[in-house]
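Read off the chains here:
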Amino acid sequence: MISFRPLAFLALVSALISLPPRAAEARVVRVVVDRREPIGGGHVFGSGGPYERIVGKIFIALDPKNPHDTQIVDLALAPRNAQGEVEAWADFVMLRPTTARKGTGVALVEVVNRGGGGATISTFSRDARRNLSPDSTAYYGDALLLRMGLTVVFLGWQFDVPAQPGLLRLHAPVATDHGRQITGLVRSDWTVDAPVRTLPLGHGVGNSQAIGYPVNDPTASTNVLTVRDRPLAPRTVVPHTAWRFAREDSGRVVDDRTHIYMPSGFTPGRIYELVYGATDPVVVGTGLAMVRDVISYLKYDSTSIAPVHSGIAYGVSQTGRFLRQFLYQGFNTDEAGRMAFDGMFVHTGGAGRGSFNHRFAQPSRDAQPYSTFFYPTDLFPFTGRTERDIETGREDGLLTHAHDSAHNPKIFYVDGGHEYWGRAASLTHTTTDGTRDIPFLPNERRYVIASAKHSSPSPFPLDSTARIAGSPAYRGNPLPLRFATRALLSSLVSWVANDTDPPASAYPTLAARTLVPPDAVSFPAIPNVRMARVPHRAYHVDYGPRWSRGIIDLEPPRVGSAFPVLVTQVDSLGNDADGIRSVELLAPVATYFPWQLRNEYSAGTDRLVSFDGTFIPLPRTEAERKTSGDPRPSIERLYGGRAAYMARAEAAAHQLVTKRFLLTEDVAPAVERAGLEWDWVMQH
């Protein structure tokens, strides 16, 4: 349960912060180191040298009158210290070269996803073993980030992360109306796919469960639970007598303001939505300021814990959307009017932003193909350039509100094929009517890893239980992303540190005829495999008259027309025809769909499973192909045998090195990985 006591919070942080405000410096006012330890007992990571791991807390103070803070919703209503500033603090972990001259002077700040730091290790390291202790060398695998000499920071920014060991959180103040509690409406929704009697108010994704705002008055008539069968279907009110604010605990039902309970159970296949009254809105936007001020502290305070000259932000999925919000609301200029980040790696954010800076915001909320509907995630504008909403006439852009255009960082937008189906990614580079390409700005590059599922591949080898009954297809898509992301990060660091031009953007376009409506995709007619035709869509949404001030008055919101969403055309095998086509697509033994249908669910079977993909091996022999009626070529016809296949894979790897989409050191591992996939397909 969320339990915030503003005055107690203020007293605690005021006691901890000892440094006076200094207008000319970054607004980090104190760093507390709880633990520091050498990594691998002083192991030398190539040119990066030895590293240490630092765990601690970082404190900031914000001036509500500063023009670079006024965009933080409700900051002026937060409690203040003696200097009239608003305080917040966050957990952090840092990997720092112990010999400063060994480092590159570049910090990579991971805006951690749902409290769990370390996505940069998984994304950019080969053979990382994150089940081991983080002070061991094996935890970091081949340790690309450390060998590059980067200072790596994992930073908490999200207030509704549970207080669990290992999770990095933001501790933010609560807004009041001059000391009086602020009340408002909060909305929770659930797509129920299995029988259940208790549902948490906070949003859950995978193993992550956010803390929900507790209901203010469980008996209030303004608490309304509804149910419907489709996202845009009419809602039916569930009588108050049929449910209550409670949860099951060891066979007993106990009152709980952060859960709802229905004795008869919530029906699988239906969408439930609760609108309820809450109090004490957290000043959620302080998380955006925390990220800004930490990099400014490292760059501009010579006494910082790890001085650097440049900073790159990394965010994936939820935090990729966070970085798009960060840019849109002008946070890349700090309180002193200086540039914060020099570069950004915005990973699998698609066209989204999120609930990161409004009253009663729930940062964990997103927008998935068949759940979490109509939260402020996929909102106009979508492009870096100023664009015009064809329907409303409104003009805006992701970078339009920068305090200083010279402070726009060098940006890599990196998506997979999934983001076109599941995150409305085409809107990031087309007009809002979907009829024309919009070019990127000089400081922007876009790279799409063709046919890749969302953020990370499915574990390989695939389990036999992943086979879709009566079909040659498997649930999951093991297409590696890491080889491409490693090469892209290397290029971004060089662009930031040395102004070395990165590779040309690689993504589907209308001009190339590789960006098409979903019903125009030329999928091969693979026997017993249904094809996706309904992508996730972004809508015109009305949250009420005060939305421009960050206050939602309409819950649920009014939903208007949908923006057109386009997806990537495919080749004859069904693999994405444009973007970064990895070894597995240049030397294919399978079809990799970046989407998966809800085939085995009780509702929405034409919609997509959140974040997942599909793997369909090619027929192994011509006889097998003819027997099944598969239109795709057989592996036998394409290659003859394993030796020819491996030669093709190696040639593909060298082709990717030439394009700078694969590091030279990754050629052998990439070819070896392709060989493992060949072996698995030929044995199953």
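That block above? That's the structure.
Presented here is an overview of the structure given in this document. On a predicted model such as this, the values are computed, not experimentally measured, just so you know.

So, the overall build of the chain
Piece 1. For the chain, the count of helices and strands is twelve helices and 31 strands.
Piece 2. Against the globule reference of 26 Å for 684 residues, the chain gives a C-alpha radius of gyration of 25 Å, in line with a compact fold.
Piece 3. Only carbon and sulfur atoms are counted for the fraction: they give 51% of the accessible area of the chain, which is about 25,100 Å².
Piece 4. Taking the average location of the 71 positive side-chain charges in the chain and that of its 68 negative ones, the two points are 1 Å from each other.

Comments concerning helix 4 (residues 286-300)
Piece 1. If you check helix 4, its first and last C-alpha atoms are 20 Å apart, about what 15 residues at 1.5 Å a residue would give, namely 21 Å.
Piece 2. Here helix 4 lies mainly inside the structure; 14 of its 15 residues are buried.

Description of the pattern of salt bridges
Piece 1. Per the stated rule, a full pass over the model turns up 48 salt bridges.
Piece 2. The partner of Lys 410 in a salt bridge is Asp 499, and the shortest N-O contact between them spans 2.9 Å. Taken together, the residues span a long stretch of sequence, with Lys 410 in strand 23 (residues 410-416) and Asp 499 in the loop between helix 7 (482-498) and strand 26 (515-516) at a distance of 89 residues.
Piece 3. Its salt-bridge partner being Arg 558, residue Asp 542 comes within 3.0 Å of it at the nearest N-O pair. Here Asp 542, found in strand 27 (residues 539-542), pairs with Arg 558, found in strand 28 (residues 558-562); they are 16 residues apart in sequence, far enough to count as distant.

As for the pairing of strand 20 (residues 343-347)
Piece 1. Among the five residues in strand 20, five count as buried, and that is most of the element.
Piece 2. Covered by surrounding structure in strand 20 are Gly 343, Phe 345 and His 347 together with Met 344 and Val 346, the residues of both alternating faces.
Piece 3. Here five bridges tie strand 19 (residues 310-316) to strand 20, and the two strands are oriented parallel to one another. Paired with Val 316 across the strands is His 347, a residue of strand 20.
Piece 4. Of the crossover connections in this fold, the one passing from strand 19 over helix 5 (residues 318-328) to the parallel strand 20 is right-handed.
Piece 5. Judged from the five bridges that link them, strand 20 and strand 23 form a sheet pairing that is parallel. Bridge pairing links Gly 343 to Lys 410 in strand 23.

Things to note about the sheet that holds strand 25 (residues 474-475)
Piece 1. Strand order in this open sheet of three strands is 25-31-30, and the pairing throughout is antiparallel. Each end of this open sheet is capped by a strand with a single partner; those strands are strand 25 and strand 30 (590-593).

Observations concerning the sheet that holds strand 14 (residues 236-237)
Piece 1. Spatially, four strands are ordered 9-18-13-14 in an open sheet, and the strand pairing comes out antiparallel. In the strand order of this sheet, the two ends are held by strand 9 (183-192) and strand 14, each with one partner.

As for the packing of aromatic side chains
Piece 1. By the definition in use, this model includes 41 aromatic pairs.
Piece 2. Ring plane angle 85° and centroid distance 6.3 Å describe the contact between Phe 380 and Phe 382, whose orientation is recorded as edge-to-face.
Piece 3. With a relative accessible area of 7%, Phe 380 lands in the buried category.
Piece 4. We classify Phe 382 as buried; its relative accessible area is 1%.
Piece 5. Connected via pairs of aromatic rings, a cluster forms that spans Phe 124, Tyr 314, Phe 345, Phe 412, Tyr 447, Trp 495 and Phe 661.

Focus: the environment of Leu 167
Piece 1. Take Leu 167: it is sitting in the loop between strand 5 (151-155) and strand 6 (170-171).
Piece 2. A C-alpha to C-alpha distance of 9.5 Å links Leu 167 and Phe 92, two positions 75 residues apart in sequence.
Piece 3. Contact partners of Leu 167, with chain neighbours within four places excluded, come to Asp 91, Arg 114, Gly 115, Gly 116, Val 161 and Pro 162.

Focus: helix 5
Piece 1. Judged by how many residues are buried, helix 5 sits mostly within the fold: eleven of eleven residues are covered.
Piece 2. Buried-residue contacts for helix 5 involve strand 4 (106-111), helix 4, strand 19, strand 20, strand 22 (395-396) and strand 23.
Piece 3. Just downstream of helix 5, Gly 330 is the residue with a positive phi angle, here 75°.

Quick look at the packing of helix 11 (residues 642-658) against helix 12 (residues 667-683)
Piece 1. Between helix 11 and helix 12, whose axes approach to 9 Å, the crossing angle comes to 145°. Note that helix 11 runs across helix 12; the crossing there is right-handed. Across the interface between the two elements, Arg 642, Tyr 645, Met 646, Ala 649, Glu 650, Ala 653, His 654 and Val 657 of helix 11 pack against Val 667, Val 671, Ala 674, Gly 675, Trp 678 and Asp 679 of helix 12.
Piece 2. Residue composition of the contact of helix 11 with helix 12, grouped by class: nine nonpolar, two polar and three charged.

Points about the side chain of Arg 169
Piece 1. Relative to the assigned elements, Arg 169 resides in the loop between strand 5 and strand 6.
Piece 2. No salt bridge forms around the buried Arg 169; measuring N to O, its nearest opposite-charge neighbour Asp 91 is 5.8 Å away.
Piece 3. A distance of 2.7 Å separates a polar side-chain atom of Arg 169 from the backbone oxygen of Val 161.
Piece 4. If sequence neighbours within four positions are ignored, Arg 169 has contacts with Trp 89, Ala 90, Asp 91, Gly 156, Gln 158, Phe 159, Val 161, Pro 162 and Ala 163.

Describing the nonpolar core
Grouped burial of nonpolar side chains is what soluble globular proteins tend to show.
Piece 1. Formed by 178 residues in total, the largest nonpolar core has its most connected members in Leu 155, Leu 225 and Ile 260.
Piece 2. In terms of residue count, helix 7 provides more of this core than any other element does, nine residues in total.
Piece 3. Leave out the neighbours within four places in its chain, and Ile 260 touches Trp 190, Arg 197, Thr 198, Leu 199, Leu 201, Leu 225, Trp 243, Arg 244, Phe 245, Ala 246, Phe 266 and Leu 274.
Piece 4. Listed in part, the eight residues of the second largest apolar core include Ala 424, Leu 427, Phe 563 and Val 565.

Some points on the side chain of His 429
Piece 1. By the element assignment, His 429 lies in the loop between helix 6 (418-422) and strand 24 (444-449).
Piece 2. The buried category is assigned to His 429, whose relative accessible area is 1%.
Piece 3. Beyond its immediate sequence surroundings of up to four residues, His 429 is in contact with Thr 383, Tyr 420, Arg 436, Asp 437, Ile 438, Phe 440, Arg 446, Tyr 507, Pro 508 and Leu 515.

Quick word on the pairing of strand 23
Piece 1. Counting buried positions along strand 23 yields six of seven residues, so the element is predominantly enclosed.
Piece 2. Here strand 23 runs beside strand 24; their pairing, made up of six bridges, is parallel. When the bridges of strand 24 are listed, Tyr 413 appears paired with Arg 446.

Procedures and definitions
Residues numbered from 1 in each chain as written. Predicted model: local features only at pLDDT ≥ 70, side-chain atom pairs only at ≥ 80, totals over all residues. Heavy atoms only, no water. Helix = DSSP H or I, 4+ residues; strand = E, 2+ residues; numbered from the N terminus. Rg over C-alpha atoms; globule rule 2.2 N^0.38 Å. Areas by Shrake-Rupley, 256 points an atom, 1.4 Å probe, with all protein chains shown as cover. Lys, Arg positive; Asp, Glu negative; His and termini not counted. Charge placed at Lys NZ, Arg CZ, Asp CG, Glu CD. Expected span 1.5 Å × (residues − 1). Buried < 20%, exposed > 50% of the residue type's maximum accessible area, 1.4 Å probe, protein only. Salt bridge = Lys/Arg side-chain N within 4 Å of Asp/Glu carboxyl O. Pairing = 2+ DSSP bridges. Right-handed = clockwise from strand over helix to strand, strands pointing away. Phe/Tyr/Trp six-rings, centres within 6.5 Å; stacked < 30°, edge-to-face > 60°. Contact = heavy atoms within 4.5 Å. Axes fitted to C-alpha atoms, helices over the stretch in contact; angles between N-to-C directions. Left-handed = near helix turned anticlockwise from the far one by under 90°. Nonpolar A, V, L, I, M, F, W, Y, C, P; charged D, E, K, R; others polar. Polar contact = N/O pair within 3.5 Å; in protein donor to acceptor, adjacent residues only side chain to side chain. Core = buried A, V, L, I, M, F, W, Y, C linked by side-chain atoms within 4.5 Å.

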